[in-house]
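Chain and residue survey
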Amino acid sequence: MLMLNQTDLTPGSFILNGIPGLEDMHMWISFPFCSMYIVAMVENCGLLYLIRYEDSLHRPMYYFLAMLSLTDLFICSSTIPKALSILWFHFKEISFDGCLVQMFFVHTFTGMESGVLMLMALDRYVAICYPLHYSTALTNSVIAKAGLSTFLRGVLLIIPLTFLTKRLPYCRGNIIPHTYCDHMSVAKLSCGDIKVNVVYGLTVALLIGGFDILCITISYTMILRAVVSLSSADARQKAFSTCTAHICAIVFSYSPAFFSFFSHRFGGHTIPPSCHIIVANIYLLLPPAMNPVVYGVKTKQIRDCVVKILLGSKDIKSQSI
């Protein structure tokens, strides 16, 4: 039997084909993508600036929010610039190793975003159910270790997935119908057995997403029980209001993810591929663009800091005049 060298079945590069079926609309689709990307970058950098320099925001809740903003910045920057170069300039080629690196970053940081949302739910649980122990339980050291553990969890689980994808033989062409390198989009180009990739990918999804959702559900169940037991209506409203922004962030993050996950497996051919790709991009763009807005609107401390900075800048301008 003739044995083929593995290197002969490894393409030098892939072609990211954008959004198949909507080639004529690529330019129009790029504008909302670009707008959301710019908004996400400005908002998250502004939020990080506030948390860094405002002493009133040096609290566990805002440290976790800073982690979420950093994660969102990495997610956007690892995918959207390449997507825009495809939609605007038709720069579709990406090297094989570059594709694997992009895939690693996308899955690592989406997993970390899920982990940070879980940590923020635990933060709200401790703040509402054990307020007297809040400052002693969530010290800076504990917060740093929790964030590092969440990051390492993603890295250690995604590295094997990257090597499993790298080892596959590719003989079904090198055209990926997507705007970025997604694990299954790349693996489907292989002519080898991808059962291990499929099983491991689902296992990682359960270990990260399933575990985080379970912790979030348990946390908010306990929070709901604690809030309902409060005798004061004002206290109940205040407790609920502190969780509103986080619940909105969870909805923005998990809704597109659930749609993409279930439609790929149960949607069959009823949902066009272009819809899958648009939703996959929205999944990476919507949370980074909306999370700072939600927290800015729903969190009084952040609103006060923004007003303080704006009024300070006005005072400086008036004095210069």
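Being a predicted model, the structure only gives us computed values, none of them experimental.

1. Considering the overall build of the chain
Check the secondary structure of the chain and you find 10 helices and three strands. Secondary structure elements of the chain occur, N-terminal to C-terminal, as β-α-α-β-α-α-α-β-α-α-α-α-α. Across its three principal axes, the chain shows a C-alpha extent of roughly 75 × 55 × 40 Å. Here the chain, with 321 residues, has 45% of them falling under the buried criterion. The contacts in the chain between residues at least 6 apart in sequence include a share of 80% that link residues at least 24 apart. Total accessible area computed for the chain in this model is approximately 16,700 Å², and 70% of it derives from carbon and sulfur atoms. Across the chain, the 22 positively charged side chains and the 17 negatively charged ones have centroids separated by 7 Å.

2. Notes on the UniProt feature "transmembrane region" (unreviewed entry) in the chain
Those residues carrying the UniProt feature "transmembrane region" (unreviewed entry) are residues 27-50, 62-80, 100-122, 142-164, 198-227 and 239-262 in this numbering. Counting secondary structure, residues 27-50 comes out at 100% helix and 0% strand; the distance between its end C-alpha atoms is 35 Å. Span residues 100-122 is 100% helix and 0% strand, its end C-alpha atoms 33 Å apart.

3. With respect to the side chain of Thr 71
Structurally, Thr 71 can be placed in helix H2 (residues 60-89). The buried category is assigned to Thr 71, whose relative accessible area is 1%. A polar side-chain atom of Thr 71 sits 2.8 Å from the main-chain carbonyl oxygen of Met 67.

The rules behind these values
- Residues numbered from 1 in each chain as written.
- Predicted model: local features only at pLDDT ≥ 70, side-chain atom pairs only at ≥ 80, totals over all residues.
- Heavy atoms only, no water.
- Helix = DSSP H or I, 4+ residues; strand = E, 2+ residues; numbered from the N terminus.
- Buried < 20%, exposed > 50% of the residue type's maximum accessible area, 1.4 Å probe, protein only.
- Contact = heavy atoms within 4.5 Å.
- Areas by Shrake-Rupley, 256 points an atom, 1.4 Å probe, with all protein chains shown as cover.
- Lys, Arg positive; Asp, Glu negative; His and termini not counted.
- Charge placed at Lys NZ, Arg CZ, Asp CG, Glu CD.
- UniProt positions renumbered as here; feature names shortened; annotations may be inferred.
- Polar contact = N/O pair within 3.5 Å; in protein donor to acceptor, adjacent residues only side chain to side chain.

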